[in-house]
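# Structural overview
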Amino acid sequence: MLYLSRFRFPNAETEHSFRMSVKRTCYNTMYPFFVLSKREFETVEFEPITIFYGGNGSGKSTALNVIAEKLRLGRDSLYNRSDFFQDYVELCDCDVDRPYSPDSRIITSDDVFDFMLNIRSVNEGIDEKRSELFDEYLDAKYSQFRVRSLDDYERLKTVTSARRLTQSKFVKKNLAENIREQSNGESAFMYFTDKIRDGGLYLLDEPENSLSPDRQIELLKYLEDSARFFDCQFVIATHSPFILSLKHAKIYDLDGELAAVKRWTELKNVRLYYDFFKEHAKEFDE
């Protein structure tokens, strides 16, 4: 599904005109001005899956943040904004062909990392509660408790449960699901599956962070299915060879002098992996 069909960033001439009109004199940077225009990255024509490829400083994350701000998409984590960010956004233009889900959002690596930290905090609370339940089990199982009134009903249930169950079953029965059973990678993947909904437009900034290669492949399949069967559109900033291999994705290479559309197998980062494993191919046959 195509919701966002075209986005236009200001070109170098427009940016120069704006700079000449600025009356402010005390500023350290005019970011995001002059980041994308130096590569003549001006007009983006989207597909259901569009990828911005490039290393650090290439402008791929900048492009995502500008698009998200222009479309007023939801987000969880704050991001760095200069005094000129809104001025830049106002100079941008876009074509939206049809309405997308209100759940649409930008998802950054900071969002995923914060989510994992929250889970870790919950885990610490669960560990503390588990320890308390161990003590409660032993106290209840071997107590000489006798019911004297209805006020003792809850205590009676605890004692009865402790005498009927093993320690591990007692703790499991009384403890919320232990999120720690999921690895960081599983938690990160769960964040994507929780946030992505049918009929949404999603901007993903380096989704491979915190994901192992096998989890990246799982995410790749999830994104392909979401685009194909559940009317989602994705704009992704990445340099992961796994994510770059998404079927039918349109890829803008921002690592070159000028931005250009390329096949994923032409990209420098992918070629490095290919050449490395090709050089060591015989070792896999030993």
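Quick caveat: nothing in here was measured; it's all calculated off a predicted structure.

About the criteria used
- Residues numbered from 1 in each chain as written.
- Predicted model: local features only at pLDDT ≥ 70, side-chain atom pairs only at ≥ 80, totals over all residues.
- Heavy atoms only, no water.
- pLDDT = per-residue confidence, 0-100.
- Contact = heavy atoms within 4.5 Å.
- Salt bridge = Lys/Arg side-chain N within 4 Å of Asp/Glu carboxyl O.
- Helix = DSSP H or I, 4+ residues; strand = E, 2+ residues; numbered from the N terminus.
- Buried < 20%, exposed > 50% of the residue type's maximum accessible area, 1.4 Å probe, protein only.

## Brief notes about the confidence of the model for the chain
Per-residue confidence for the chain gives a mean pLDDT of 82, with 74% of residues at or over 70. This model gives residues 122-126 a pLDDT under 50, and the stretch forms eight contacts once residues within four places in sequence are excluded. Every residue in residues 176-182 is under pLDDT 50, and counting partners more than four places away or in other chains gives 13 contacts.

## A short note on the pattern of salt bridges
Under the criterion given, the structure shown has 11 salt bridges. Ionic pairing is found between Asp76 and Arg105, a salt bridge with its closest N-O pair at 3.2 Å. Linking Asp76 in the loop between α2 (60-71) and α3 (85-91) with Arg105 in strand β5 (residues 105-107), this pair joins segments that are 29 residues apart in sequence. In this structure Arg105 comes out as buried when scored by relative accessible area, which is 14%. One salt bridge in this structure joins Glu218 and Arg215, with 2.6 Å as the shortest N-O distance. Residue Glu218 and its partner Arg215 are located together in helix α8 (residues 213-229), separated by three residues, close to a single helical turn. Taking relative accessible area as the criterion, Glu218 reaches 33% and is therefore assigned partly exposed. The network of salt bridges with shared partners includes Arg6, Arg8, Glu45, Asp93 and Asp95.

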